[in-house]
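Spelled out from the first residue to the last, the chains are:
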Amino acid sequence: MKIALIGQSLFGQEVYKELRNDGHDIVGVFTIPDKDGKADPLAVEAEKDGVAVFKFPRWRLKGQAIPEVVDQYKATGAELNVLPFCSQFIPMEVIDHPKHGSIIYHPSLLPRHRGASAINWTLIHGDKKGGFTVFWADDGLDTGPILLQRECDVEPNDTVNTIYKRFLFPEGVKGTVDAVRLIAEGKAPKIVQPEEGATYECIQKKDNAKIDWNQPAEALHNWIRGNDKVPGAWAEVDGQKVTFYGSSLVDNGTTTNGQPLEIPGASRPGIVTKAGLVLFGSDGKTLLVKNLQFEDGKMIAAAQYFSSGSSAAVELTEDEKAFAEQMRAVWQSILSNVAQIDDSTDFFKSGAASMDVVRLVEEVKLRASSCQLQNEDVYMNTTFQDFIQMCVRKLRGEDDEEELVVDYVEKNVNNMSIKMPHQLFINGEFVDAEGGKTYKTINPTDGAAICDVSLAQISDVDRAVAAAKEAFEEGEWGKMNPRDRGRLIYRLADLMEEHQEELATIESIDSGAVYTLALKTHVGMSIQTFRYFAGWCDKIQGSTIPINQARPNRNLTFTKKEPIGVCAIVIPWNYPLMMLAWKTAACLAAGNTIVLKPAQVTPLTALKFAELAARAGLPKGVINILPGSGALVGQRLSDHPDVRKLGFTGSTEIGKHIMKSCAVSNVKKVSLELGGKSPLIIFGDCDMDKAVRMGMSSVFFNKGENCIAAGRLFVEDTIHDAFVKKVVEEVKKMKIGDPLDRSTDHGPQNHKAHLDKLVEYCQTGVKEGATLICGGKQVQRPGFFFEPTIFTNVQDNMYIAIEESFGPVMIISKFKNGEVDDVLRRANATEYGLASGVFTRDISKALYVSERLNAGTVFVNTYNKTDVAAPFGGFKQSGFGKDLGQEALNEYLKTKAVTIEY
């Protein structure tokens, strides 16, 4: 079909390209004249293709069509006029001339919001649904018959820009092209617009965008976002016009700290806080504005209202001077109408438009990939000097990010001063829980409270998930180059290493871990985990797949590995930092954002980690930490519709409940590392000394609070008595005491409830007839200490043979010499399958047993030998999915298949 395209802008350019791709003959492009020596994008594209381009300044004069203009149009022989976006008045002589008439794209659901500011008014009126209409042009104002409509949800904090980029632009291009297809196929409807529900609003200009403060907060929010970015809602502040951008509705709790700002006409002063400018509606409710723009065009973060312009200029290095000259050349190419770019040249006053902002941001990325600019950065630094200063600060990591405010609990312990955050960490800030709710976290060494910790509520979960979603969908993290993402994770690992003694001390007083073990394993392996997965960031890739060709055409099919989105992580109390690292490192490497719930009894290293992540430069919202109860926080994360993946380590009972909730809510992807009753088989031909040493470690490592602990030892009868004798001798040598004492072997159990369960567990073993060789009781001293315990003569049907103790309890059963298959049957007769082990000098026997043990990990002549590069996870009711190794990445990625025909 022969088409005349009448319009302008990037939208018009994309419609033009898609119509040509569909095989239509574009016989003429009618667009606006060049501005400041620059052609409209639609004209640029058409001229590149050799299509006739007409740039009439007007089509009518004194209400009458200009004959020469109409004649030039008619000479193209167009059969259809397509008006994707047109700011000019087109005479009816042109509208009605083609065989198929004219169609127009309009960004509202007609008949609602007729007029030139339809998107603005969709938001100003607080519509829950938006969309666009392609209609047949007539002599009315957006009154012609409807050809096609498509709708979308309007998000609570949408602006003109966000809804346009998310839906109205991409789907509008497709919809306009689909409308042309329907016309070409003779299937295009003409549905008369109903008059019921029809509205017409005026064009939004700066003059009529002034804010009326005598409205509820929601109406103020809608007015500001409905004018964001153009024309910009404004009010008088301190004697000058100030324009407000980036509005969102917030809870009244946001107003806790800040400096008042008098705003004439407002019901009460605004408050400049570290989050932005808090404003009050006539109903007393609040909204938050992120950015402000002054009459001279300068834009600032609202949080900096009282400090704007106070930062000193940085002196450039030689490399930075070279970068500045490169950017001067870029400015010169964009601002071709300006003779020379000097330090005072203003980007926008020199004629730059929004499309030039996009180009400038991309030009910076090409020259300095680590300088991740947002469009807002350009609007806030409009002169060349300010722009270069801003870029250099970002390149140095000194980009005026607001200083992290931490209300530390400080203690002098372990010959050092430790500083512990104790609040929730949401969207890059430490904040109190809703209602200021707290609880006490207890030191298991003496049972005394360490400090009060914020106790997250459901509203806090919702805020954290919203922050993580925004960081993933709109923030810097989701757009970041994978290699740059890896660089940040490496930096985080380096900071953890710098603070490893402090982290180990906090871990020790909060969980009871022996300090030397906390330093080497709890913290040391956590650092290794982040470094390992930082290296994976730029190695996540798909594959090409040969498929049957669609002859005579050909096909290319490839897969992409993409991040899932917002991931919830719920971790246990036995290795508070290491369990965080095992899941979080892979999740971040894959490009996701995180809301993590540490165990309620061990929150402190997770909160210290949050501080270090912020100081490493991870963007706001990427990591959020919520201490709180599983019944409240864990349940809400399982149920939340915006959480797309949940990783859990904990009990099988809770894992089943989480899995059910995740399925019912929105079929979340789930990975579960659950309970275990890991068998360790010790054959008579083993290295006895090693078997004793490793057997001790398999049970008593980390006070037995170890998910892969050997829950049951099967010892061949030929060595059984000798093995038990040696183990008892070694247990008697173990020093029980203060975990900060470097000579301590065995610290306190994690918390009182767990200690009580261990006492009950051992009492049950004695009642059922097992032989208690040693231990089985609480140590008579302050704190939650439990004696290392050994049971023998444990029969297969006993409670302690079946159920996990999760404590320092060695369960020994005997098996007859040579009965390999029978002991395998007994070892596998459990619903768990997390880990297992075998000790023997016979390599054939070792391989035979390892093949038949039904567990996710099998140790041969060793135990507890986990490594960041080796996958870790269980079978059966020990869960599914893997931590660590390359396989862990798959838990936080989704695979997309793309097929192209050419």
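Our structure is the block above this text.
Quick look at the structure, then. (Residues numbered from 1 in each chain as written. Predicted model: local features only at pLDDT ≥ 70, side-chain atom pairs only at ≥ 80, totals over all residues. Heavy atoms only, no water.)

### Section: the packing of aromatic side chains
The full count for this structure, using the stated rule, is 29 aromatic pairs. Between Phe30 and Phe56 the ring centres are 6.0 Å apart and the planes differ by 35°, which places this aromatic pair in the tilted class. Taken together, the residues span a long stretch of sequence, with Phe30 in strand β2 (residues 25–30) and Phe56 in the loop between β3 (53–54) and β4 (60–61) at a distance of 26 residues. Look at Phe30 and you get buried, because its relative accessible area is 0%. Residues Phe683 and Phe815 carry aromatic rings whose centres are separated by 5.5 Å and whose planes lie at 85° to one another, so their mutual orientation is edge-to-face. (Phe/Tyr/Trp six-rings, centres within 6.5 Å; stacked < 30°, edge-to-face > 60°. Helix = DSSP H or I, 4+ residues; strand = E, 2+ residues; numbered from the N terminus. Buried < 20%, exposed > 50% of the residue type's maximum accessible area, 1.4 Å probe, protein only.)

### Some points on the nonpolar core
Formed by 108 residues in total, the largest nonpolar core has its most connected members in Met496, Phe530, Leu588, Ile682, Leu713, Phe723 and Ile790. By residue number, the principal contributor to this core is helix α18 (residues 576–589), which donates 11 residues. Among residues more than four places away in sequence, those in contact with Ile790 are Phe700, Val727, Val728, Val731, Thr771, Leu772, Ile773, Cys774, Met810 and Ile812. One finds Ile26, Leu148, Val177 and Ala179 within the second-largest nonpolar core, a separate group that totals 33 residues. (Core = buried A, V, L, I, M, F, W, Y, C linked by side-chain atoms within 4.5 Å. Contact = heavy atoms within 4.5 Å.)

### Looking at helix α26 (residues 820–828)
Among the residues of α26, those classed as buried are Val820, Val823, Leu824, Arg826 and Ala827. Angularly, the buried residues of α26 cover 165° about the axis, an arc narrow enough to put them on a single face. In the core, the buried residues of α26 are packed alongside β30 (678–682), β31 (710–716), β34 (809–815) and α27 (843–852). (Arc of directions from axis to C-beta.)

### Digging into the sheet that holds strand β37 (residues 857–860)
Consider a sheet: its strands pair through backbone hydrogen bonds, and that pairing is either parallel or antiparallel. Strands sit in the order β32-β33-β34-β31-β30-β36-β37 across an open sheet of 7 strands; the sheet is mixed. A single partner strand is all that each edge strand has here, and the edge strands are β32 (771–774) and β37. Averaged over all neighbouring strand pairs, the angle between strand axes comes to 20°, with direction disregarded. Examined bridge by bridge, strand β36 (residues 835–839) and β37 share 4 bridges and lie parallel to one another. Across the sheet, Ser836 pairs through a bridge with Val858, a residue of β37. Each of β30, β31, β33 (789–792), β34 and β36 touches helix α22 (residues 688–700); the most contacted strand, β34, lies at about 130° to it. Seen against the sheet, α27 touches β30, β36 and β37 and runs at an angle of roughly 165° to β37. (Pairing = 2+ DSSP bridges. Axes fitted to C-alpha atoms, helices over the stretch in contact; angles between N-to-C directions.)

### Here's the deal with the state of the cysteines
Taken as a whole and judged by the stated rule, the model has 0 disulfides. Free cysteine Cys662: the closest other cysteine sulfur is in Cys567, separated by 11 Å. (Disulfide = S-S within 2.5 Å.)

### Quick word on the packing of helix α15 (residues 482–498) against helix α17 (residues 515–534)
For the pair α15 and α17, the least separation of the axes is 8 Å and the interaxial angle reads 165°. Regarding the angle of α15 to α17, the classification is roughly antiparallel. The handedness of the crossing between α15 and α17 is left-handed. Mapping the contact onto sequence places Gly486, Ile489, Tyr490, Leu492, Ala493, Asp494, Met496 and Glu497 in α15 and Ser526, Ile527, Phe530, Arg531 and Ala534 in α17. Of the residues that constitute the contact of α15 with α17, the class distribution is 8 nonpolar, 2 polar and 3 charged. (Parallel < 35°, antiparallel > 145°, perpendicular 65-115°, else oblique. Left-handed = near helix turned anticlockwise from the far one by under 90°. Nonpolar A, V, L, I, M, F, W, Y, C, P; charged D, E, K, R; others polar.)

### A look at the sheet that holds strand β1 (residues 2–6)
Within the open sheet, the 7 strands sit side by side as β3-β2-β1-β6-β7-β8-β9. Their pairing is mixed. The open sheet has two free edges, formed respectively by β3 and β9 (146–153), since each of these has just one partner strand. Packing against the sheet, helix α6 (residues 160–168) makes contact with β7 (102–106), β8 (129–136) and β9, and its axis sits at approximately 120° to β9.

By themselves, these observations are geometric and do not establish any function.
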